[in-house]
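# Examination of the molecular architecture
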Amino acid sequence: MEKILQVNNLHVSFKTHNGMVRAIRGVNFDLYKGETLAIVGESGSGKSVTTKVLMGILAKNGMIDDGEVLFDGMDLTKLTKQEITAIRGKKIAMIFQDPMTSLNPTMTVGYQILESLVEHQNLSKKEAKAKAIELIELVGITEPEKRYKQYPHQLSGGMRQRIVIAIALACNPRILIADEPTTALDVTIQAQILELIKELQQKIGLSIIFITHDLGVVANVADRVAVMYAGKIVEYGTVQEIFLEPYHPYTWGLLASVPEMEDTSNELYAIPGAPPNLLEPPKGDAFAVRSEFALKIDFEEEPPFFKISDTHYAATWLLHENAPAIEMPAMLKERIKKMKKGVPHER
Amino acid sequence: MISLATLFVILTLLFILLELMPGSPFNDEKLSEEQKELLYKKYDLDKPLQVRYVTYLKNVIIEGDFGQSYTIQKNVDVSKLLKDRLPISVRLGIQSLIVGSIIGILLGVIAAVYKNSKWDTFTTIFAVIGVSVPSYVFALGLSYFLGYKLKLFPFTYDIYSPVQSSILPTFALSMFVIATVARFMRTELVEVLSSDYILLAEAKGLNTKKVIFKHSIRNALIPVITVLGPLTVGLMTGSLVIERIFGIPGIGDLLVTAISVNDFNIIIGIAFFYSLFYILMALIIDTLYGVIDPRIRVAKEGRNG
């Protein structure tokens, strides 16, 4: 498969009153053409910051300390402001979490789509309008001509998110970054929007980076999953590998904390403790303090990535040949067994 | 309709309040009791309150007649007095409002876009000074330095060059407007610039200029328009002093004189015009809201989204 984007050793920090916050501490991943890569993790794990680097819309106090983002033969971290502005929206587009606030309330939705077209494609107003109406139809909104002239407050949340998607797709981007696009929507609408994204991906051949903390959504849309914790990726693999054969204790914790329908007897599992303060990143494995499986070495030295299969890697000392044989918690094992039986789709 | 009712109430209140005020227009010691009596009779001031009130209202509503001046310019119609002076004051007020808003918005935008820079600091200092220093201090300063020392502008109002002579008073009056608008604009714009839809506009690949001019300023203006109402009131009261300082023959100056000599008809007439002006401003501001914010437009049309 063709690699479309490559992130190497990315380090990002933010200057705050209390000092430097090391938000991203060495992130590596690749994105292949036509795939959906899900990045999962708790709030503050660096998911959103990573995507903001790709878009070149990092907050003013943030800086890229090290690393590169290779796209189309360019290093996105080294581009000037003009150069990255030209790529943004045209080749890499983004949709955001809350459709209620991500559209400008004083502009018609049609104009907001048109704007992107005029900006990047040198279309005349008339052509752009026709294209915009086409896009509104493409994202599954009826009466596109009427909607074109409406303002965001006249549309429902689901429709607004469809408009945001239409804006993102306006210039046939190659990469779509979806930053928790369904979190603010209710469940039925959520499913529709996910369906729409998948459908469009097949139609256009987009590569998608899907940021979320909702593992249900991940199972639904992703081809590959990267699990992030405290500014690092701790495990990555195909969606089957992550859900059915997870190796990192943090991934275990995440999977175990998903509430289950049938299981009403047990208490809801939660990972103990809180993520570390990235003003002073911990030594060794950042997750060690919260992990019941932590080894002595976890507090001293950072684990490298251990290869499990060609597509599956995890950064945990548990995979070292000298490590004691520790298995995932029994409760999770039980769940995975159930999941395997009922695995709905082989992607 | 509500506006008309408001005007009616204001007129009634003014009439009654002035009636309750001690003193009369003819407090001249040289006048004998008989002379006063005659004067009262001449202006119907000897009749009971209710009768005079009804007559007054009738005159105002049917003929637009606000009565006559008792002392300032004897027997001249108040409406005629106002006709000459009103345009001067209204022009001064509107000029100050426009100049103040434009400069204020510009300063606010600069401060917000270059947040925490020296421009921002400058605007903040300017805003604090503008709000806290009374307009007559600016007026005196401007007329002393630019009018008297440098002779760039007429020192006091010159009826033959109304444009030049209105420049200094306009700036003195608009100082408060500039400061208030700049402060509001900065706060609002900073908030708008950190909102999600600005992030989306950036993600669309629009450059900073387009993001600010097309997506931000209009949205930041909505709350700023709200303060224009109170600011107009500030301009009216400010103009009382400013017109005195520059010797401008406007209604503010006339009102001050009228109050000191108890020329009731003029007081009521001018106060009425101030109210009218304020109500008109409120109406304009409400309309502006609709123009700028589509959410309000729809609510007014009675549709729901």
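The model shown is predicted, which means the values in this text are computed figures rather than measured ones.

Below, the discussion takes up the overall build of chain B. Within chain B, the regular secondary structure consists of twelve helices and zero strands. Helices and strands in chain B line up, N terminus first, as α-α-α-α-α-α-α-α-α-α-α-α. Projected onto its principal axes, the C-alpha positions of chain B cover 85 × 60 × 30 Å. Contacts in chain B between residues far apart in sequence, at least 24 positions, make up 72% of those at least 6 positions apart. Summed over all atoms, the accessible surface of chain B reaches about 16,200 Å², with 68% contributed by carbon and sulfur. Within chain B, the 24 negative side-chain charges are centred at a point lying 11 Å from the centre of the 28 positive side-chain charges.

Let us look at the sheet that holds strand β2 (residues 19-32) of chain A. All names here are of chain A. Taken in spatial order, the four strands of this open sheet run β2-β1-β4-β5, and their pairing is antiparallel. The outermost strands of the open sheet, each flanked by one partner alone, are β2 and β5 (74-75). Two elements, strand β4 (residues 62-71) and β5, share two bridges in a ladder whose sense is antiparallel. Looking at the pairing, leucine 70 lines up with aspartate 75 of β5.

Our next topic: the interface of chain B and chain A. Taken together, the contact pairs 25 residues of chain B with 29 residues of chain A. A combined buried area of about 2,300 Å² lies between chain B and chain A, and 57% of that area is made up of carbon and sulfur atoms. The largest contributions to the chain B side of the interface with chain A come from Leu200, Ala203 and Lys204 of chain B, which together make up 26% of the buried area. Counting across the chain B and chain A interface gives two salt bridges. With its nearest N and O atoms 2.7 Å apart, the salt bridge here joins lysine 204 of chain B to glutamate 115 of chain A. Counting across the chain B and chain A interface gives 14 residue pairs in polar contact (both at pLDDT 80 or more). Listing elements by their share of the side of chain B that touches chain A, those giving two or more residues are α8 (196-203), α9 (208-246) and α12 (294-301) of chain B. Tallying contributions element by element places α9 of chain B first for the side of chain B that touches chain A, with seven residues. Partitioned by chemical class, the residues of the side of chain B that touches chain A number ten nonpolar, six polar and nine charged.

The final tally for this structure, using the stated rule, is 20 salt bridges over all chains. Taking the shortest distance from any N to any O, the salt bridge between arginine 244 of chain B and aspartate 253 of chain B comes out at 3.0 Å. On the accessibility criterion, arginine 244 of chain B (44% relative accessible area) is partly exposed. Relative accessible area serves as the criterion here: at 16%, aspartate 253 of chain B is assigned to the buried category. Through salt bridges with shared partners, a single network forms among Asp72, Lys91 and Arg174 of chain A.

Examined against the element boundaries, threonine 257 of chain B turns out to sit in helix α10 (residues 251-260). The spatial distance from the C-alpha of threonine 257 of chain B to the C-alpha of serine 174 of chain B is 24 Å, given a sequence separation of 83 residues.

Let's shift gears to the pairing of strand β3 (residues 36-40) of chain A. All names here are of chain A. Taking burial as the measure, the five residues of β3 include five buried ones, the bulk of the element. As paired elements, β3 and strand β8 (residues 207-212) share five bridges and run parallel to each other. Paired with alanine 38 across the two strands is phenylalanine 210, which belongs to β8. Where β3 lies against strand β9 (residues 224-229), four bridges are found, and the strand directions are parallel. Bridge pairing in β9 places isoleucine 39 opposite alanine 226.

Residue and element names in this part refer to chain A. Contact geometry for helix α3 (residues 109-121) and helix α4 (residues 125-138): axes closest at 9 Å, N-to-C directions at 125°. For the element pair α3 / α4, the angle class is oblique. Remark: the crossing between α3 and α4 carries right-handed chirality. Taken together, the residues of α4 that come into contact with α3 (itself represented by Gly110, Ile113, Leu114, Leu117, Val118 and Gln121) are Lys125, Ala128, Lys129, Lys131, Ala132, Leu135 and Ile136. Of the residues contributing to the contact of α3 with α4, the split by class is eight nonpolar, two polar and three charged.

The next subject is the environment of alanine 179 of chain B. All names here are of chain B. Here alanine 179 is to be found in helix α7 (residues 162-193). Residue classification places alanine 179 among the buried residues on the basis of a relative accessible area of 0%. Along the backbone, alanine 179 and threonine 124 are 55 residues apart, and their C-alpha atoms lie at a distance of 8.5 Å. When near neighbours in sequence (up to four residues on either side) are disregarded, alanine 179 contacts Phe126, Ala127, Gly130 and Val131.

All names here are of chain A. Counting 106 residues, the largest nonpolar core has Leu5 and Ile209 as its most contacted members. Considering every element that reaches this core, the biggest residue donor is helix α6 (residues 157-169), with seven residues. When sequence neighbours within four positions are dropped, the list of residues in contact with isoleucine 209 reads Leu5, Phe29, Leu31, Leu37, Ile39, Thr51, Leu54, Ile175, Leu176, Ile177 and Ala178.

Residue and element names in this part refer to chain B. Closest axis-to-axis distance for the helix α1 (residues 2-20)/helix α11 (residues 264-292) pair is 10 Å, and the angle between their directions is 155°. As summarised for this structure, α1 and α11 are arranged roughly antiparallel, according to the angle between their axes. Two packed elements cross with a definite hand, and for α1 against α11 that hand is right-handed. Touching Ser3, Thr6, Leu7, Ile10, Leu11, Leu14, Phe15 and Leu18 of α1 are Phe264, Ile267, Ile268, Ala271, Phe272, Ser275, Leu276, Ile279 and Leu283, all from α11. Its residues assigned to classes, the contact of α1 with α11 shows 14 nonpolar, three polar and no charged.

All names here are of chain B. If you check the domain split of chain B, you get domain 1 (2-62) and domain 2 (85-304). On a C-alpha basis, the centroid separation for the pair domain 1 and domain 2 is 36 Å. Between domain 1 and domain 2, the residue contacts involve 15 residues of the former and 13 residues of the latter. Around 1,200 Å² of area is buried between domain 1 and domain 2 when both sides are counted, 79% of it from carbon and sulfur atoms. Summed over the shared surface of domain 1 and domain 2, the result is zero salt bridges. With eight residues, the top contributor of residues to the side of domain 1 that touches domain 2 is α1. The residue inventory of the side of domain 1 that touches domain 2, partitioned by class, reads ten nonpolar, five polar and no charged.

Bringing helix α6 (residues 135-149) of chain B into the picture now. Residues and elements named next belong to chain B. Its 15 residues give α6 an end-to-end C-alpha distance of 20 Å, which sits within 8% of 21 Å, the value for a rise of 1.5 Å per residue. At serine 143, α6 shows its largest kink, close to 25°. Looking at α6, one finds that the buried residues are Ser135, Phe138, Ala139, Leu142, Ser143 and Gly147. Of the surrounding elements, those touching the buried residues of α6 are α5 (118-132), α7 and α9.

A few words now on the pairing of strand β6 (residues 92-95) of chain A. All names here are of chain A. Burial along β6 is two-sided: Ile92 and Met94 facing one way and Ala93 and Ile95 facing the other are all buried. Bridge analysis of β6 against strand β7 (residues 175-179) gives four bridges, and the strand direction is parallel. Within β7, the residue paired with isoleucine 95 across the bridge is alanine 178.

Criteria and cut-off values
- Residues numbered from 1 in each chain as written.
- Chains lettered and ligands numbered in written order.
- Predicted model: local features only at pLDDT ≥ 70, side-chain atom pairs only at ≥ 80, totals over all residues.
- Heavy atoms only, no water.
- Helix = DSSP H or I, 4+ residues; strand = E, 2+ residues; numbered from the N terminus.
- Contact = heavy atoms within 4.5 Å.
- Areas by Shrake-Rupley, 256 points an atom, 1.4 Å probe, with all protein chains shown as cover.
- Lys, Arg positive; Asp, Glu negative; His and termini not counted.
- Charge placed at Lys NZ, Arg CZ, Asp CG, Glu CD.
- Pairing = 2+ DSSP bridges.
- Buried area = accessible area lost by both parts, 1.4 Å probe.
- Salt bridge = Lys/Arg side-chain N within 4 Å of Asp/Glu carboxyl O.
- Polar contact = N/O pair within 3.5 Å; in protein donor to acceptor, adjacent residues only side chain to side chain.
- Nonpolar A, V, L, I, M, F, W, Y, C, P; charged D, E, K, R; others polar.
- Buried < 20%, exposed > 50% of the residue type's maximum accessible area, 1.4 Å probe, protein only.
- Axes fitted to C-alpha atoms, helices over the stretch in contact; angles between N-to-C directions.
- Parallel < 35°, antiparallel > 145°, perpendicular 65-115°, else oblique.
- Left-handed = near helix turned anticlockwise from the far one by under 90°.
- Core = buried A, V, L, I, M, F, W, Y, C linked by side-chain atoms within 4.5 Å.
- Domains from an automatic or database assignment.
- Expected span 1.5 Å × (residues − 1).
- Bend = angle between axes of the 7 residues up to and from the residue.

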